[in-house]
Every structure is written in structure tokens, then in C-alpha cells.
Amino acid sequence: MSAAGGRAASAPLMGGESEPTLFELSQPGRSSWQLRTTGMPEWDVDELVPASHRRVAPVPLAEVSERDLVGHFTRLSHRQFSVDLGAYPLGSCTMKYNPKLCDTVAALPGLAAVHPGAPASLTQGWLQILVELEEALCEVTGMAAATLQPAAGAAGELTGLLLMRAYHSARGESRHRVIIPDSAHGTNPASVTLGGYETVTVPSAARGCVDLAALRSVLDTDVAGIMLTNPNTLGLFEEDIEAIAAAIHEVGGLLYYDGANLNAILGVVRPGDMGFDIVHMNLHKTFATPHGGGGPGAGPVAVSPRLVDFLPGPRPVRSAPGAADEFGYMTPPHSIGRIHSWHGNALVLARALAYMQVHGGDGLRRVAERAVLNANWIRRRLAGSYDVPFDRPCMHEVVLSAATLRKKFGTKALDVAKRLLEFGFHSPTVYFPLIVDEALMIEPTETESLQTLEALAEALETIAAEAAAGEPLDEAPHSTPVRRVDEARAARTLVPTFDAR
Ligand SMILES: Cc1ncc(COP(=O)(O)O)c(C=O)c1O
């Protein structure tokens, strides 16, 4: 009998039952693979690896058949919520459904099976994709050139800060401080520290945007720049963006636009036209490829003309327009160097270009319009059941609050989020942004229909009514494969290993 207690490895999981580990499913001698005998002479192991460096016993890996292995992972996959399954309103993360067409493009052997180190003459198609993507990203951001190397949003932020440093150094200036509003994304201050700068936090004013007077009070020639998340984490468009740009430029600072949530403004406004010098985008949120789950991302950084010479290299470029080998590489004269090997996460880049080309200019604008409309629909609909701390038109996401539910009935934002899972929706982001008490940050995304929005709103209204009726929501969820886990204990006493003995 196996350590799994004799259950058939292929039996579907019952509610609450946990999936055995592969080690528990292991049977001695079972295997998912076999190698043919090749007739080749055996290697002399002693000659290749000295005995002192060799294992004395084989690694105790799980021994399972392919059938049991696939069953194991398929059962686990049935316990997950995913963007393909239903609405995933996890604010700030843009967990939207992504068209399968983009995956099909990325899986084309002509793209997936090419080594990035192959000479430019053999990879003209790939280089064309990269150059056309850069051109398209510059078009939607209003910038002069871009690097596609950064692997995610935060990597783009670090790249932007290194560009900022290189720019000031080239002018013989040594500046030390970067301004960040308190409604910025959490990765911004972390990137500032990594980039060797000191963060100066500026508070939000009553309407949820940057307090201009507070901003002006910290400006001097030690300021290297500002990092502005726009829309900010309250889902609001910075109203004084032009005044902010003018004030920062006046002291010689640069403007960094955290454009991770570009799906809010696509085809409507451009950071370059607002006076920004650097903008990073999260292609894994705005275009295709879902965020999260530890998968690959792409955080290209686009810049204004004065920063082009500092971009990471080598950059794919149209080196000989019209020639047979039209595309090649160049390294900018004052490049900050590489940020990623090869081109970054190239298949995420290919997905993004496919997404942009399929939508076209008008289609991209409709993406933004729909994302904003959906969030505002949720805001208006739920205003009677939840607090809306900043009740004015939002962009692609809306921040609600369970502060009144907590005060009146003891129901916390976390309880609402956990209970929502039982209605077939992923939870919204909770307790972020930090400046909102009992925050519930909902990003319906542009991909959800009116019917889905109605069902989501109805579920959230039902939960608010349950709270008022005194239902014990702090015990939810009841019917999911995994119930409420002790998150504090999991974080404090993390056990990331399994003892197979
Ligand atoms: C506004 C903003 N900035 C930066 C990031 C960081 O991006 P990443 O998770 O790809 O590093 C995110 C992530 O969602 C974000 O929403």
C-alpha cells in the first residue's frame, strides 16, 4: 500500500481532501521514461568525475509512471483558479483573459525554436518582430526609443533609475533623491533603493492625487527625478500631471512614468506628450500574458530623445532599411549595459506584438475604454454596499473599502475576499493600497462582459448582506478544496521542503 493510504492515484479529489505529494505516490521501480540502448561505448565514469565528487547512492526522487504524474498535476490544476476559468478581479495585477491567438503565435516553431545567439542573418524575422514591437510601444507612449530587455515591471523600474543616474552623471551632476507619492506601487521605492537613491515620499491630497504643495516643498537640485504611478494605486489619474512635470523639470529632474497599467490609457493619452522622460510598461499585464504565477513577464522601458544614448544594448535595429538583411544590432554610445541576457523574455514580446497587431490602433483604444468603463460600472453599482473612499471617476480599477462592514458587523476585507471564492470569482486585492483602511481593490479588466460584472457585483452585494445578517464570514470559504489557511503562521514558519524518508 502506498503512503497515500491506498487511494487510487487517479481518483478525483473529494472536497477538503489533499493531494498526496509525488513522493507519497511513489512506487519502487516505477518510471515515466526509458532510454534505448544506443550501442555506444560506456563512458569511463572514474575518468570523468572523481569518486570523491560522486554520489554514493542515487538521489531519492519520486518513482511514478507518466500516467500517475499527469493525473497528479491535473488534479492539482483542478484545485486552482485561473484566468481561463473565470473573472479574476485582483486589483493592480491585471489578471485578464488573454487571447489564445497570442499563445499560438509564441508557440510557432520559427519563433520558439530559434536560439537567440543565432547570427542576425538567420534571425531577420525575429529581429523584425522586436523592432516593430519597439516602434509600436514608442507610438503608444509617445517616446523616442525603447529597450525590450527588462524581464518585468520592477526590472524596468531599476533600468529606468540606472538611466536616470547615467543621464545626471553624464552632465557631471550627482543627485541623491527620488520623489515617490504615497499612492505609488510598492515596487517603486524598492527600485529606488536598488538604484542607489534615497526615496522622498510625498503625501496624497484629499482627492487622492499628489499634494502639489507638499511636492514643491521637497524640490531642489538634489532631486534626480520623480516616479509617478499613473493611474495611481487608487485607480485615479493624476490631475496635476502637467504642473508636476513642469515643477520637476524646473529643478533639472527627470520624470519617470510607471506605466505598468497602460491598459488604462492606451490610445487615449501618451506619457511622452505629458512631458515624461522614462516609462516602463508591463507587457504581461497590458497586452497578452497574464501577470502572476511566477511566469515570465516583460517590462520594456521607453525613453525621450535625451536618454536614447544610454539605453541597454545591444539593441535590435533597422540597420539597413530595404536591404536583404535589413535588421541588425547596435549598442548606444553611453549604454548602461545589459539588463537581461539576449532580448529579454522574447516569447512574451512576440505575444505582445501579436496582441497589438490584432487589435490595431482603434482596438487598443477600445481596450482602455472598456477597462475604464468596467471599473466605473463596479464603482457605481457597489457604492451602496461598500465604502468608496474616493468616489469620483476612476480609471481601470476601483478601490472600495470594508471599513463600515468591519465597524458595524466585524466583517473584514479579508472575509469578503475569502467568501467571494465560493461564488466562482477570484478574490480582489485586499489591504492595498496601504493608504485605504480595509481596502478591496477591484480590477474587473476589459475582458469581462456586463453579465459577468453583474454576477460579480451581485456576489459582493450578497456578501455584504450576509455580514449584516450576522453570518460567520470569518470562517469562509467552506466549499473550496483548500479552506482558510493560517497565513501568519505560513509566513512565519515557512517549511518549503518535504522529507521524502
Ligand atoms: C503600478 C505597478 N508598478 C509596478 C509593478 C511591478 O511589476 P512586476 O510585478 O512585473 O515586477 C506593478 C505590478 O503589477 C504595478 O501594478
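Draft legend 1. Seen up close, the overall build of the protein. Helices and strands together make up the secondary structure of the protein, namely 16 helices and twelve strands. Taking 2.2 N^0.38 as the reference for a compact globule, 501 residues should give roughly 23 Å; the C-alpha atoms of the protein span a radius of gyration of 26 Å, in line with that estimate. Along the longest, intermediate and shortest principal axes, the C-alpha atoms of the protein span 75 × 70 × 45 Å. In the protein, which comprises 501 residues, the proportion classed as buried is 46%. Counting only carbon and sulfur atoms, one obtains 56% of the accessible surface of the protein, whose full area is about 24100 Å².

Draft legend 2. Main features of the environment of L161. Residue position: L161 is located in helix α7 (residues 153-170). Beyond its immediate chain neighbours, meaning those up to four positions away, L161 contacts V178, S191, V192, Y197 and M227.

Draft legend 3. Quick peek at the site of the ligand. Residues in contact with the ligand amount to 15 residues; listed here are only the nearest, G153, A154, D258, H284 and K285. With respect to the ligand, the side chain of N282 contributes an N or O atom lying 3.0 Å from an oxygen atom. Protein coverage of the free-state accessible area of the ligand, which is 380 Å², stands at 90%. When residues of the shell around the ligand are traced back to their parent elements, those giving at least two are α7 and α11 (283-286). Looking at the shell around the ligand residue by residue, the class counts come to three nonpolar, nine polar and three charged.

Draft legend 4. Up close: unusual backbone geometry. With an omega dihedral of 5 degrees, the bond running from F432 to P433 counts as a cis peptide bond. On the secondary structure map, P433 appears in the loop between β11 (429-430) and β12 (439-442). For the peptide bond that leads from A476 to P477, omega is 5 degrees, which places it in the cis range. Locating P477 in the fold gives a position in the loop between α15 (450-468) and α16 (487-492). We note that W342 has phi near 45 degrees; this positive angle belongs to a residue other than glycine. In this structure, W342 sits in the loop between β9 (327-330) and α12 (346-382). The residue Y431 is not glycine, and still its phi comes out positive at about 60 degrees. You can see Y431 is positioned in the loop between β11 and β12.

Draft legend 5. Just the side chain of Q149, in detail. Topologically, Q149 is positioned in the loop between β1 (145-147) and α7. Classification of Q149 by relative accessible area gives buried; the value is 3%. At a separation of 3.3 Å, a polar atom in the side chain of Q149 contacts the main-chain amide nitrogen of H340. When neighbours within four sequence positions are excluded, Q149 is seen to be in contact with P312, G313, P314, R338, I339, H340, W342, H343 and G344.

Draft legend 6. Region of interest: the sheet that holds strand β2 (residues 177-181). Spatial strand order, β1-β7-β6-β5-β4-β2-β3: seven strands in an open sheet with mixed pairing. Two strands in the sheet have a free side with no partner beyond their single neighbour: β1 and β3 (198-202). Each neighbouring strand pair of the sheet contributes to a mean axis angle of 25 degrees, computed without reference to strand direction. Summarising the sheet, β2 and strand β4 (residues 223-229) pair through three bridges and their orientation is parallel. For R177, the partnering residue across the bridge sits in β4 and is V223. Each of β1, β2, β4, β5 (254-259), β6 (278-281) and β7 (301-303) touches α7; the most contacted strand, β5, lies at about 170 degrees to it. In this fold helix α8 (residues 187-194) packs onto β2, β3, β4 and β5, with an angle of close to 175 degrees to the strand it touches most, β2.

Draft legend 7. The arrangement of a nonpolar patch on the surface in detail. On the surface, W43, L48 and V49 cluster together into a nonpolar patch covering about 360 Å² of accessible area. Within the secondary structure layout, L48 lies in helix α2 (residues 45-48). Of the residues examined, L48 reaches a relative accessible area of 54% and is grouped as exposed.

Draft legend 8. Spotlight on the domain arrangement of the protein. Domain parsing of the protein yields domain 1 (1-79), domain 2 (101-358) and domain 3 (365-490). Between domain 2 and domain 3, the C-alpha centre-to-centre distance is 31 Å. Interface area, domain 2 with domain 3, both sides summed: about 1800 Å², of which 60% is carbon and sulfur. Counting the surface domain 2 buries against domain 3, the share from its top three residues, T233, L234 and N263, is 31%.

Scoring rules and cut-offs
- Residues numbered from 1 in each chain as written.
- Predicted model: local features only at pLDDT ≥ 70, side-chain atom pairs only at ≥ 80, totals over all residues.
- Heavy atoms only, no water.
- Helix = DSSP H or I, 4+ residues; strand = E, 2+ residues; numbered from the N terminus.
- Rg over C-alpha atoms; globule rule 2.2 N^0.38 Å.
- Buried < 20%, exposed > 50% of the residue type's maximum accessible area, 1.4 Å probe, protein only.
- Areas by Shrake-Rupley, 256 points an atom, 1.4 Å probe, with all protein chains shown as cover.
- Contact = heavy atoms within 4.5 Å.
- Near = heavy atom within 4 Å.
- Polar contact = N/O pair within 3.5 Å; in protein donor to acceptor, adjacent residues only side chain to side chain.
- Nonpolar A, V, L, I, M, F, W, Y, C, P; charged D, E, K, R; others polar.
- Pairing = 2+ DSSP bridges.
- Axes fitted to C-alpha atoms, helices over the stretch in contact; angles between N-to-C directions.
- Patch = residues over 30% accessible without salt bridge, like charges linked within 9 Å, V, L, I, M, F, W, Y side chains within 5 Å.
- Salt bridge = Lys/Arg side-chain N within 4 Å of Asp/Glu carboxyl O.
- Domains from an automatic or database assignment.
- Buried area = accessible area lost by both parts, 1.4 Å probe.

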